[in-house]
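Working through the structure, step by step
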Number of protein chains: 2
Amino acid sequence: MSEIKNILFIMFDQLRFDYLGCAGHPHLKTPHIDRFAEKAVRFTRTYVQSPICGSSRMSFYTGRYVHSHGAQRNNFPLKVGEHTLGDHLRANGMDAWLVGKTHMEADAKGLERLGIAPDSVIGARLAECGFDVFVRDDGLWAEGPDGFYDSRRSPYNEYLKSKGYPTENPWNKFANAGLDEDGEIASGWLMKNSPLPANIREEDSETPWLTSECIRFLEERKDDERPWLCHLSYIKPHWPYIVPAPYNDMYGPEHVIPAVKDEAEKQKPHPVYGAYMDTLIAKSFSREDVRHDVIPAYMGLIAQCDDQMGRLFAYLEESGRMDDTMIVLTSDHGDYLGDHWLGEKNFFHECTVKIPMIVYDPRAAANPTRGTTSDALVEAIDLAATFVEATGAEVPDHILEGRSLAPLLHGETPEDWRDAVICEFDYSTTPMATKLGVELRDARLFMVFDGRYKLIHAEGGFRPMLFDLETDPDEFTDLGKSAEHAEIIDRLYVKLGQWARRLSQRTALSDEEVRAMLGKSNRRGILLGLYDGSEVPEEWLSEIKGPAPASYLDQS
Amino acid sequence: MSEIKNILFIMFDQLRFDYLGCAGHPHLKTPHIDRFAEKAVRFTRTYVQSPICGSSRMSFYTGRYVHSHGAQRNNFPLKVGEHTLGDHLRANGMDAWLVGKTHMEADAKGLERLGIAPDSVIGARLAECGFDVFVRDDGLWAEGPDGFYDSRRSPYNEYLKSKGYPTENPWNKFANAGLDEDGEIASGWLMKNSPLPANIREEDSETPWLTSECIRFLEERKDDERPWLCHLSYIKPHWPYIVPAPYNDMYGPEHVIPAVKDEAEKQKPHPVYGAYMDTLIAKSFSREDVRHDVIPAYMGLIAQCDDQMGRLFAYLEESGRMDDTMIVLTSDHGDYLGDHWLGEKNFFHECTVKIPMIVYDPRAAANPTRGTTSDALVEAIDLAATFVEATGAEVPDHILEGRSLAPLLHGETPEDWRDAVICEFDYSTTPMATKLGVELRDARLFMVFDGRYKLIHAEGGFRPMLFDLETDPDEFTDLGKSAEHAEIIDRLYVKLGQWARRLSQRTALSDEEVRAMLGKSNRRGILLGLYDGSEVPEEWLSEIKGPAPASYLDQS
């Protein structure tokens, strides 16, 4: 155990916080991740900044709230000018590489406006959220009558084609589809097919492929002196919910934990929550047969992820990387899977906004905490600050809005650690906005959670929702209308207001630079409020006293 | 009267809303501005976004709140990436030129980070707040033992030197200084010298010089087909308070209106207001002798400004520019001049946050409103939107946070016109922050004013201030502790919260582009919540149904 040279930043997609052995899942086995957690700190109350891939990731990669960076939804560009993790790390001598998914949309108009060529080094990094790309694959090679969802070239599809999968989009037709009895495609997009094995060799499926890519990166860099951060960003266990054999058969309906839901939730729900419950995916996941088909596949996908972690950790140990590498394992958000009568993510119950967060710090200072858990309120944006701190640099906290986890990793909880977390969601491009009749810009939700009470605020004139997680850990009882809780609601609104007013855009000047400006103008001649000059040191007046220069009248 | 081809955007510096004849000043004569107002609409309730030059101007020039653009104080850079008025106008075929002051600090580190050369066309515009520079002079050529306040080259000093003023910094030693009986410099920085004439030919002083520069610009462009916005940005009547003859003698103590102040204001004031009253400039302006020395000079400076307006308007009429040019006359903030026991600006009483705003629209649609006033709640940021609208373009309201004044100019008040204005101030680099013991980032103040009630919120745990301008137009009675007004305070805090949560950073995507995204992913293969596909049109499933391609097993 020594200093941190490198950082391996592993992200899964849509992995729930409670779908890990070490997090207490009663059936799912994740021995490799569990063993990793024994060397690390597992943060049990870590919240994303938005329960949707793109926005959550832009917060991870900028270290800033969605309200600060403005990439409100998937495929909303991260605007040119935003500082990224890559900017901060490179400034401190560390490269930042991508292996996998970012869901980054480049700000093409912004690049053009600023005259930055997209294929220049700077332009390419701006277009890739600050990363240098070892391989980028967002794993969304969906295709329909209007063509591809993602118009990029898919490295994964290229890989599959090179392996002999005979079609233009093997992601869609092999990796994410099974085969029915009649030799027809049984797509993973249709959840009735989730129990089938994906029609692909297991080693060619997305998770092993990305693991291999990461190992290839590590091999290439193994003798390199220059420190790196490698963002290994998996595509799974995100939908389509289908997994190759043997993982498709590893779990069955008997391993599906009951949905966390209550009939009372459907009685006069908050209008926004009601609109969520009325979506197709919510209705599908409210069916037990669907859960029984899908959740075993989801668990199989996680089991496969865990096996790939085993493979990766073995490589890291053999190559000595465990000694000099900070390793983080997390997810970009959770998945409802039928809890609260919902599917997907995009709202604020624990199963979707709380994520796994396991941080391994090779430094000796972290020895006392290995294998422990921390219930400090952690936000996804804390990672960027943690990584900058790991390079030995000061955290530029006029830009990064999170806090380094280093003290927590070393067994100290700072007294001024945050007392609430914030999460946001923008549903402006969904049919719900139309259905609820809210203005485009009012289709926004905020969550503030202080560790006990969770307030959900919806713009557009709705009442708030409130949950008391101490008395109601399952979040069944919405106290948003409870007169008894009015004071608590007020208190959380005060917190939300304070947060919303925060200084988030003064990113061109550090606190230190601001402090250095204090009083400087006096000695540069800006002298306010003087009547006769006796009010200040004589020296300050050096340029405004004394004999006048010869009159201009003499010169003209 | 016809269409708008050009825009002349005239700004004075530190000109109070009530120091104009047309605004009712009992002694000060501003016949040229008054006559201009007869052709225009005078907005009587226009508020700046910050009562300090730099931040206020960055709001004028970006059309965005300080909380959005982050240039919190003078000399805080406007970060690269912020869109400026120049960007919007040029996109619609109009140039944007500067004649005078901007107080813009370029984001040098941002330019470097993005690889933008400061001397490229794009870089130079970014460094000049979006303007092409005809002449830039911020008029702050103060000098002290540590050198110049502004390290740029001063075109005005160059001009004076060319006119025979025999010194390196004639701004400091001639334009802003008189001469005492012993032939010593009698600097305008010392307010006891304010009654003296500045030691300069009147026609060489700052206001006539900038007027000449503007006329030179207009002459050069007179046969040019390409539309322009010209930002004629004066330095005066901003301090140092000294003016050449005959203006220094035009007004005397008998013309000084009584200070709007009350002994009660000093009894247990709000701590932040108390700290303001304890500054040197506040104490100086609390003296009647100081007011009697300074205010006549301030009035003389305004009289000179008015005469120069007469000269400019005559040129505009002769050259035909009144027919094709929108003309705005405004100021970047006011001046306390001893009101409320304060000097300078930087707080939120009407005399400092309310500005003159006179808008002349040559279009026939504006005929019915000529010579009228409007008491709609207007913000400084409305001008950018007004100018974009004047080019005939749609206002990019995902970037610009103000609203076009066009409807008001044409006699219609939109039903959804704003019901409150917002103003902000950051005092982090002042000794007050230290004195009050607030954290650097808590040294921020917000004002929300709904046309009757004005709430002032100070970060850092202070109680709010509240004024009722209907019953207390002089703002003497702070109701911040009044239990009776608790509901009003709550209501204004709700407004402030709503404002603070606003969508201000999604600037890379317009509302229209967002709307166009609705439902698009379905036809590109993203199909959520399907169990068997019967839930959606068959067509959507085109790429996930049908015979499977030949098995990969056959190929390998």
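Higher on the page you've got the structure.
Heads up: these notes are all about the structure in this document. Residue numbering note: each chain is counted from 1, following its sequence as written. Lettering for chains starts from A, numbering for ligands starts from 1, and both go in the order in which the items are written. For this predicted model, a pLDDT threshold of at least 70 governs which residues receive local features, and a threshold of 80 or more governs which side-chain atom pairs are given and counted, while totals over whole chains, interfaces and linings are taken from all residues. For the side-chain quantities, the full set of heavy atoms in the structure was used; hydrogens and water were omitted.

**Section: the packing of helix H9 (residues 206-220) of chain B against helix H12 (residues 288-318) of chain B**
Residue and element names in this part refer to chain B. With their axes 10 Å apart at the nearest point, H9 and H12 run at an angle of 15° to one another. Between H9 and H12, the interaxial angle falls into the category roughly parallel. For the crossing formed where H9 meets H12, the hand is right-handed. Taken together, the residues of H12 that come into contact with H9 (itself represented by Thr 207, Pro 208, Thr 211, Ser 212, Cys 214, Ile 215, Leu 218 and Glu 219) are Gln 304, Cys 305, Gln 308, Arg 311, Leu 312, Tyr 315 and Leu 316. Three categories are distinguished: nonpolar for Ala, Val, Leu, Ile, Met, Phe, Trp, Tyr, Cys and Pro, charged for Asp, Glu, Lys and Arg, and polar for the others, with Gly belonging to the last. Class assignment for the residues of the contact of H9 with H12 results in eight nonpolar, five polar and two charged. Fitted lines through C-alpha atoms serve as axes, helices being fitted only where they are in contact, and the angles separating the N-to-C directions of these axes extend from 0 to 180 degrees. Helix and strand definitions follow DSSP, with helices as H or I runs of at least four residues and strands as E runs of at least two, each counted in order from the N terminus. By the definition adopted for this analysis, an angle is roughly parallel if under 35 degrees, roughly antiparallel if over 145, roughly perpendicular if from 65 to 115, and oblique otherwise. The hand of a helix crossing depends on one turn: near helix anticlockwise from the far one by less than a right angle means left-handed, and clockwise means right-handed. Should any heavy atoms of two residues lie within 4.5 Å, those residues are considered in contact.

**Here's the deal with the pairing of strand E18 (residues 453-458) of chain B**
Residue and element names in this part refer to chain B. To sort residues, take the accessible area from a 1.4 Å probe on protein chains only and compare it with the maximum for the residue type: under 20% means buried, over 50% means exposed, and anything in between is partly exposed. Of all six residues in E18, six are buried, a share of seventy percent or more. Every second residue of E18 is oriented toward a common face, with Tyr 453, Leu 455 and His 457 on one face and Lys 454, Ile 456 and Ala 458 on the other, all of them buried. Between any two strands, pairing holds if DSSP finds at least two bridges. In this structure, strand E17 (residues 444-449) lies alongside E18, joined through five bridges in antiparallel fashion. Across the sheet, the residue bridging to Val 448 is Leu 455, located in E18. Where E17 folds back onto E18 in an antiparallel hairpin, the turn is made up of three residues, including Gly 451, whose phi is positive at roughly 100°. Here E18 folds back onto strand E19 (residues 465-468) in antiparallel fashion, the turn holding six residues, of which Gly 460 has a positive phi close to 100°.

**So, the pairing of E19(B)**
Remember that side chains alternate between the two faces of the sheet whenever the strand is regular. All names here are of chain B. Taking every second residue as pointing to the same face, both faces of E19 are buried, with Met 465 and Phe 467 on one and Leu 466 and Asp 468 on the other. The pairing of E18 with E19 spans four bridges and is antiparallel. Directly across from Lys 454, in E19, lies its bridge partner Phe 467.

**Concerning the interface of chain A and chain B**
Interface size is commonly expressed as the accessible area that is lost once the parts come together. On the chain B side, the residues contacting the 118 residues of chain A number 118 residues. Summed over both partners, the accessible area (1.4 Å probe) lost when two parts come together is defined as the buried area. Ranking the residues of chain A by area buried against chain B places Arg501(A), Tyr531(A) and Tyr552(A) at the top, with a combined share of 9%. Salt bridges, as used here, are contacts in which a Lys or Arg side-chain nitrogen is within 4 Å of a carboxyl oxygen on Asp or Glu. Applying the counting criterion to the chain A and chain B interface returns 14 salt bridges. Here Asp87(A) ties to Arg113(B) by a salt bridge, and the two come within 3.7 Å at their closest N and O atoms.

**Remarks on the side chain of Arg418(A)**
All names here are of chain A. Among the secondary structure elements, Arg 418 is positioned in the loop between helix H15 (406-409) and strand E16 (421-426). Polar contacts here mean pairs of N or O atoms no more than 3.5 Å apart (in protein, one a potential hydrogen donor and the other a potential acceptor; neighbouring residues in sequence count only if both atoms are side-chain atoms). Only 2.9 Å separates the side chain of Arg 418 from the backbone oxygen of Leu 377, close enough to count as a polar contact. Side chain to side chain, Arg 418 and Asp 382 meet in a polar contact 2.6 Å long. Not counting chain neighbours up to four residues away, the residues in contact with Arg 418 comprise Leu 377, Val 378, Glu 379, Asp 382, Gly 402 and Arg 403.

**Comments concerning helix H9 (residues 206-220) of chain A**
Residue and element names in this part refer to chain A. Spanning 15 residues, H9 covers 21 Å between terminal C-alpha atoms, matching the ideal 21 Å at 1.5 Å per step. Among the 15 residues that make up H9, eleven are buried, leaving the element largely enclosed by the rest of the structure. Every buried residue of H9 is accounted for by Glu 206, Thr 207, Pro 208, Trp 209, Leu 210, Thr 211, Glu 213, Cys 214, Ile 215, Phe 217 and Leu 218. The span you would expect from a helix comes to 1.5 Å times its residue count less one.

**Here's the deal with the side chain of Asp382(A)**
Assignment of secondary structure puts Asp382(A) in helix H14 (residues 382-390). In this structure the side chain of Asp382(A) is engaged in a polar contact, spanning 2.8 Å, whose partner is the backbone nitrogen of Arg403(A).

**Some details on the sheet that holds strand E12 (residues 354-355) of chain B**
Residues and elements named next belong to chain B. Sheet architecture is open: three strands sit in the order E12-E3-E15, paired in mixed fashion. Lying at the two open borders of the sheet, with one neighbouring strand each, are E12 and strand E15 (378-379). Relative to E12, strand E3 (residues 46-47) runs antiparallel, the two sharing two bridges. If you follow Thr 46 over to E12, its bridge partner there is Ile 355.

**Structural notes on the pattern of salt bridges**
A complete count under the given rule lists 106 salt bridges over all chains for this structure. In this structure, Glu317(B) engages Lys39(B) in a salt bridge whose closest nitrogen and oxygen atoms are separated by 2.6 Å. Here the residue Glu317(B) occupies a position in helix H12, and Lys39(B) occupies one in the loop between helix H1 (31-38) and strand E2 (41-43), the gap between them amounting to 278 residues. By relative accessible area, which is 29% here, Lys39(B) ends up partly exposed. Within the structure, one salt-bridge network assembled from shared partners comprises Asp13(A), Arg57(A), Lys101(A) and Asp332(A).

**Section: the packing of aromatic side chains**
By convention, a stacked pair of Phe, Tyr or Trp rings (six-membered ring in the case of Trp) has centres within 6.5 Å and planes under 30 degrees apart, an edge-to-face pair has planes over 60 apart, and any other such pair is tilted. A complete count under the given rule lists 50 aromatic pairs over all chains for this structure. With 5.3 Å between their ring centres and 85° between their planes, Tyr65(B) and Trp499(B) make a pair best called edge-to-face. You can see Tyr65(B) sitting in the loop between helix H2 (53-62) and helix H3 (66-69) and its partner Trp499(B) sitting in helix H18 (residues 486-500), a full 434 residues away along the chain. Take Trp499(B): its relative accessible area is 8%, and that puts it in the buried class. The interplanar angle of 35° and the centroid separation of 6.1 Å between the aromatic rings of Tyr159(B) and Trp209(B) together place this pair among those described as tilted. Of this pair, Tyr159(B) sits in helix H7 (residues 155-162) while Trp209(B) sits in helix H9; the two residues are 50 residues apart in sequence, bridging distant segments of the chain. Put simply, the rings of Phe9(A), Phe60(A), Tyr61(A), Phe131(A) and Phe387(A) pair up and form one aromatic cluster. A ring is considered to have a charge above it if a Lys NZ or an Arg CZ atom is located within 6 Å of its centre and within 35 degrees of its normal. We note Lys354(A) situated over the ring of Phe17(A); from NZ or CZ to the ring centre the distance is 4.5 Å. In this structure, Arg287(B) packs its charged tip against the face of Tyr531(A), placed 4.4 Å from the ring centre.

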